[in-house]
Structures are given as structure tokens and as C-alpha cells.
Amino acid sequence: MMTTRVRTALAAARCSPSIRAAASTAAAPRAEPDRPLVSSAQIPGPVSQRLFRELNSVQQASSVQLFADYEKSAGNYLADVDGNLLLDVYMQISSMPLGYNHPAMLRALADPRNQAIMANRPALGVFPNKDWPDKLKGVLLRDGVAPPGFSHITTMMCGSCSNENAFKNIFIWYADGQRHGAPFSEDEIASCMINRAPGSPRYSIMSFQGAFHGRTLGSLSTTHSKYIHKIDVPAFDWPIAPFPRYKYPLDDNERENKQEDDRCLAQVQNLFEIYAKEKKIPVAGVIVEPIQAEGGDNHGSPYFFQKLQQITIKNGGALLMDEVQTGGGPTGKMWCHEHFNLETPPHIVTFSKKMQLGGYYHLEEMKPKQSYRVFNTWMGDPSKIILLEAIVDVILKENLLDKVTRVGNYTLNELVKMENEFSSSINSSRGRGTFIAFDCASAQLRDSVVKKLLQKGIQAGGCGEKAVRLRPALTFSEDHANIFLDSLRSVLKQ
């Protein structure tokens with residue numbers, strides 16, 4: 001029972017100046033700028049450069065591009081410490097659904113009712129808060145949020161650990177099928193403790209060339225986008241299939257692209273057979289991105305994914321859709337795989353980034369029979385559910401997925417027109433919703449385009465060998481798109 005002293009303390013906290021200030025800030029957020037503003041002679045400016053030297057003295061910080069001022073950032077604009085206001089079409093590597101300092105998110109954080117769960121972060125696997133089942137059902141499993149066909153979920157911290165633990169789920173499910181539901185044998189129990197079969201079986205996860213699924217050990221064995229992620233790190237002997245590489249425009253290359261789909265699918269089937277019969281490392285599951293993001297925004301057709309699912313099921317494996325970067329609405333649907341009209345739901349769908357926390361949706365059959373088999377201290381973060389609840393409300397109330405589709409179609413059409421104007425510089429514009437990319441003629445040109453866009457106040461990103469990618473917030477409008485397009489045209493004219 002709550003004591004009088006505790007009630008008095010909570011009442012005082014709700015009335016404290018800091019809480020009132022936070023509520024005031026949430027009610028009156030900073031207005032979004034009309035246009036980018038470049039104040040420093042170059043970006044990163046002198047303050048960012050000084051801070052970089054300080055940070056690099058205590059850790060490896062070479063990946064840092066600039067230092068932000070998040071208090072001054074607003075909407076689709078990122079402020080930096082040198083007074084620049086950048087139109088951010090990259091949004092923290094696709095992880096900001098509503099842009100910076102959205103009032104709905106600030107209000108959720110300022111609400112005193114949410115402070116106890118943020119201050120007392122629980123070990124969700126053993127001591128969840130009393131409202132945790134309702135939060136999962138009301139936010140992550142809510143209609144319009146959960147992928148169609150899913151009623152089970154496991155929360156995690158980030159994208160890598162979501163995929164890592166999803167692999168464990170797949171192996172547990174596959175092994176249970178191999179023993180036909182029988183209990184663990186004494187031999188299995190003893191041998192797993194020394195990393196040997198039969199308790200530690202030789203199973204594998206199939207992945208694709210160009211994929212990115214994370215940097216932890218199991219996920220890293222399925223990542224094939226950049227050598228710097230993998231070099232010096234031991235990896236599993238797991239199969240790697242080719243992912244389709246299409247010719248653009250798609251309408252002019254239907255026959256060739258269909259042949260490419262069939263070529264890749266034939267290799268998937270072949271690898272299932274090789275690893276089961278020759279290597280004796282059967283494939284328990286296949287992990288695939290609906291759009292290969294880090295690998296260069298490589299798309300697969302609905303036909304490819306439909307056939308991939310059929311092949312995987314026929315061979316007794318589970319299909320894992322990695323929606324860490326594509327989930328949360330950037331393709332115009334909450335989940336990109338909804339575009340593919342699959343016969344049945346995938347076995348597992350992993351998420352993070354725009355969803356604020358990590359985790360995965362899974363079919364009921366994937367739920368482990370014993371506790372502690374998929375487990376860690378935090379098992380996610382309830383404070384991120386608070387943010388996600390506010391985000392979901394905005395997405396649904398403001399029909400942001402329709403906006404993403406409309407603005408994405410507009411932006412992509414304008415990029416295709418620009419290809420005709422600058423055919424020697426850019427090509428292969430592609431995308432779903434505002435999850436858009438185009439290729440430059442070379443890697444050097446791509447890097448130059450991204451750098452010159454930054455000097456014009458546009459924060460963009462690259463991926464793959466020579467692609468420029470757009471990852472804007474769901475609030476990105478035609479006006480924002482026009483600022484980006486005008487800046488890109490100016491850069492290409494230089």
C-alpha cells in the first residue's frame with residue numbers, strides 16, 4: 001500500500017518546476033524551419049571538429065559525421081552545433097518516424113504518469129509492470145500496427161539482438177520438430193554444455209549476398225554488405241544465396257528481371273539440398289530483407305518473395321523477414337512485406353529503428369515451450385513503448401502512411417525525370433513509399449553528391465556501392481521533397 005509520505009513525494013514531483021517546464025516545452029515545441037540554413041563555411045564546422053577531436057581521444061569515433069544540437073532540431077530539420085539547419089532525409093539511419101521533437105512524443109515523456117516506468121526500468125522477463133500485457137496488446141499488437149496474421153511478440157533492445165534471438169527461436173522450433181516434441185535426452189543435455197552434438201546441433205540460417213542483419217556474431221554470419229563489419233571475426237559455415245539485381249526501369253526489363261528472380265530462386269533450392277545432404281548442416285531458416293538497405297537498396301519482386309516462401313516451407317525451414325529498417329511505415333505500409341501478397345504470414349518478422357525498441361513478431365508455433373530459452377535482463381524497454389504509443393496514434397490519426405505513399409510517388413517520379421536530364425550521372429531510381437534510392441555513375445560521384453548535398457544543407461546517406469538513399473520521416477512532404485530535388489539538381493549541374 002502506498003504510504004502518505006510516498007503520495008506526498010509523488011504529488012510534489014508532479015508540481016515541481018522541472019516537470020512543469022517539461023510539460024511547457026512539450027506544449028510549445030520549436031517550429032520547423034522553412035528551408036535549410038548553412039551558417040558555417042563547411043560542414044562539419046569548427047565546433048563539430050573540436051568535439052570530434054575530444055571524442056576520438058577516448059574512443060574510435062571516425063564514423064561521426066557531425067555533432068547535433070537536438071534541442072534546436074525540429075520536425076524534418078536537424079540542427080548542428082555550428083548553427084546549421086539541415087533538411088534531414090536520412091533521419092538517423094531510418095529510425096525517426098515523426099522527425100525531431102514532435103510534440104506528441106514530448107508530451108508522452110513529460111507526463112508524470114510515465115516517469116515511474118522510466119525511472120524503474122524493469123527486467124521484463126521476470127518483473128514486468130502491471131500494465132505490460134495491456135501495453136503489448138494495445139500498442140505492438142494493435143490493429144494497423146502488427147503485421148497481419150500475428151498475435152505473438154517478443155521484445156528486445158535493438159535490431160541485431162532481435163535477429164540474433166529470432167535465430168535461436170528458429171533453431172529451437174526446428175530441433176523440436178526433429179525430435180517430434182520429445183523431451184531433451186540426457187545425451188543432448190550433457191553434450192550442449194561442451195558445444196557438441198547432439199545437444200549443439202549443426203543447423204544453419206540461409207542469407208543473401210548484399211544482406212545486412214547486424215553485427216553480433218550470429219547476425220554477422222548473415223551480413224554480407226561491407227567487409228569492415230566482418231573482417232577478423234569468426235563466422236559460421238552458413239549458406240549465402242544470390243539476391244536479385246534488377247535492371248531499371250522495371251517496365252522495360254520485365255523478362256530479364258523475371259529471369260533474374262528465377263536464377264536466384266534456383267540457387268536457394270540448390271543450397272537447401274547441398275547443406276542438408278552434402279554438408280550435413282540443414283537449413284533451419286531463411287532470413288531476408290524486403291529491401292536490402294545497407295547493401296544498396298536492392299529490391300525483390302512480389303513474385304520472388306512468394307516463391308522464396310514456398311521453397312523455404314517445402315524444405316522444412318522458417319522464413320524470417322528482417323524489417324528492422326523497412327518496418328514502421330516508410331514504404332507506405334506498416335510492414336514492407338505486406339506489398340508482396342504472401343500466401344501466409346512469415347514465421348518471424350523482426351523490427352527496431354522506427355519502432356523505437358527491438359523485437360520480433362512470431363507465429364504461435366515458434367513460441368518456446370520452456371522459459372529462459374530466449375531471455376536477457378531487460379527484454380526491451382517500456383519507456384520506448386511509451387514513445388511508440390504516441391507515434392502510432394499520430395500515424396493512424398493523421399493517415400501518415402497515405403502521405404508516405406503520395407509523397408514517395410511524387411519524389412520518385414521527379415527523380416526519374418531528373419535521370420533523363422542527367423543520364424550520365426544518375427540512374428536506376430527505385431523505391432516504395434519514401435524508402436527511395438538512386439544510383440550514381442560511380443562510387444566517387446556518389447560520395448561527392450552526398451558531400452555537396454550536405455554543404456547545401458541536405459543530410460542524405462549512401463548505401464551499397466554507389467547508391468544515394470532517402471530515409472525521411474513519415475511527416476516528409478512535397479515541399480520538403482522539392483527542397484531536396486532542387487538541391488540535387490543544383491549539385492548535378494556543378
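Right above here is the structure, for reference.
Source: prediction; values computed, not measured.

A short note on the pairing of strand E11 (residues 358-362)
Now for step 1: Burial analysis of E11 places 5 of its 5 residues in the buried class, which makes it a mostly covered element.
Now for step 2: One ladder, built from 5 bridges, connects strand E3 (residues 152-156) with E11; its direction is antiparallel. When the bridges of E11 are listed, Ile153 appears paired with Tyr361.
Now for step 3: As defined by bridge partners, strand E10 (residues 348-351) adjoins E11 across 4 bridges and the pair is classed as antiparallel. Residue pairing for E11: Thr350 is matched across the bridge by Tyr360.
Now for step 4: Hairpin connection between E10 and E11: a loop of 6 residues separates the two successive antiparallel strands, and Lys353 in this loop has a positive phi of roughly 45 degrees.

A word on the pairing of strand E16 (residues 467-470)
Now for step 1: Burial along E16 is two-sided: the face carrying Ala467 and Arg469 and the face carrying Val468 and Leu470 are both buried.
Now for step 2: Where strand E13 (residues 435-440) and E16 come together, 4 bridges link them in antiparallel fashion. Opposite Phe438, over in E16, you have Val468 as the bridge partner.
Now for step 3: In this structure, strand E15 (residues 461-463) lies alongside E16, joined through 3 bridges in antiparallel fashion. Residue pairing for E16: Gly461 is matched across the bridge by Arg469.
Now for step 4: Counted along the chain from E15 to the antiparallel partner E16, the turn is 3 residues long, and its residue Gly464 has a positive phi close to 60 degrees.

Description of the packing of aromatic side chains
Now for step 1: As enumerated under the stated definition, the model contains 18 aromatic pairs in all.
Now for step 2: Each ring, one from Phe208 and one from Phe243, has its centre 5.8 Å from the other, and the planes form 80 degrees; the classification is edge-to-face. You can see Phe208 sitting in strand E4 (residues 204-208) and its partner Phe243 sitting in the loop between strand E5 (240-241) and helix H12 (254-278), a full 35 residues away along the chain. Both residues of the pair, Phe208 and Phe243, count as buried.
Now for step 3: Aromatic side chains Phe305 and Phe340 sit 4.2 Å apart centroid to centroid with 5 degrees between the ring planes, which places their arrangement in the stacked category.

A short note on the pattern of salt bridges
Now for step 1: Under the definition given, this model contains 19 salt bridges.
Now for step 2: A salt bridge links Glu421 to Arg489; the nearest nitrogen and oxygen atoms lie 3.3 Å apart. Of the two residues, Glu421 is situated in helix H15 (residues 400-421) and Arg489 in helix H17 (residues 478-493); the sequence distance between them amounts to 68 residues.
Now for step 3: Three or more residues joined by partner-sharing salt bridges are found here, namely Glu421, Asp486 and Arg489.

Here we look at the environment of Ala110
Now for step 1: With respect to the secondary-structure elements, Ala110 resides in helix H5 (residues 103-110).
Now for step 2: Its relative accessible area of 7% is what places Ala110 among the buried residues.
Now for step 3: In sequence terms Ala110 and Pro382 are 272 residues apart; their C-alpha atoms lie 15 Å from each other.

Side note on the nonpolar core
Now for step 1: Formed by 83 residues in total, the largest nonpolar core has its most connected members in Leu140, Phe208, Phe304, Phe305, Leu308, Met355 and Tyr361.
Now for step 2: If sequence neighbours within four positions are ignored, Leu308 has contacts with Phe208, Leu265, Val268, Val286, Val288 and Leu319.

Conventions we followed
Note that residues are indexed from 1 along each chain, following the sequence as it is written. Confidence filtering applies because this is a predicted model: local features only for residues at pLDDT of at least 70, side-chain atom pairs given and counted only at 80 or more, and all residues used for totals across whole chains, interfaces and linings. Note that water and hydrogens are dropped before the side-chain values are worked out from all heavy atoms of the structure. Categorising residues by exposure relies on relative accessible area from a 1.4 Å probe, with only protein chains included: less than 20% of the type maximum marks a residue as buried, more than 50% marks it as exposed, and the intermediate range marks it as partly exposed. Only DSSP runs of H or I with at least four residues qualify as helices, and only runs of E with at least two residues qualify as strands; both kinds are numbered from the N terminus onward. Two strands make a pair as long as DSSP finds a minimum of two bridges between them. Any pair of Phe, Tyr and Trp rings, taking the six-membered ring for Trp, is counted once the centres come within 6.5 Å. Such a pair is stacked with planes under 30 degrees apart, edge-to-face with planes over 60 apart, and tilted for the rest. Definition used for salt bridges: Asp or Glu carboxyl oxygen within 4 Å of a side-chain nitrogen of Lys or Arg. Within this scheme, the nonpolar core is defined by two criteria: the residues are buried Ala, Val, Leu, Ile, Met, Phe, Trp, Tyr or Cys, and they are joined through side-chain atoms within 4.5 Å. Contact between two residues is taken to exist if any of their heavy atoms lie within 4.5 Å; hydrogens are not considered.

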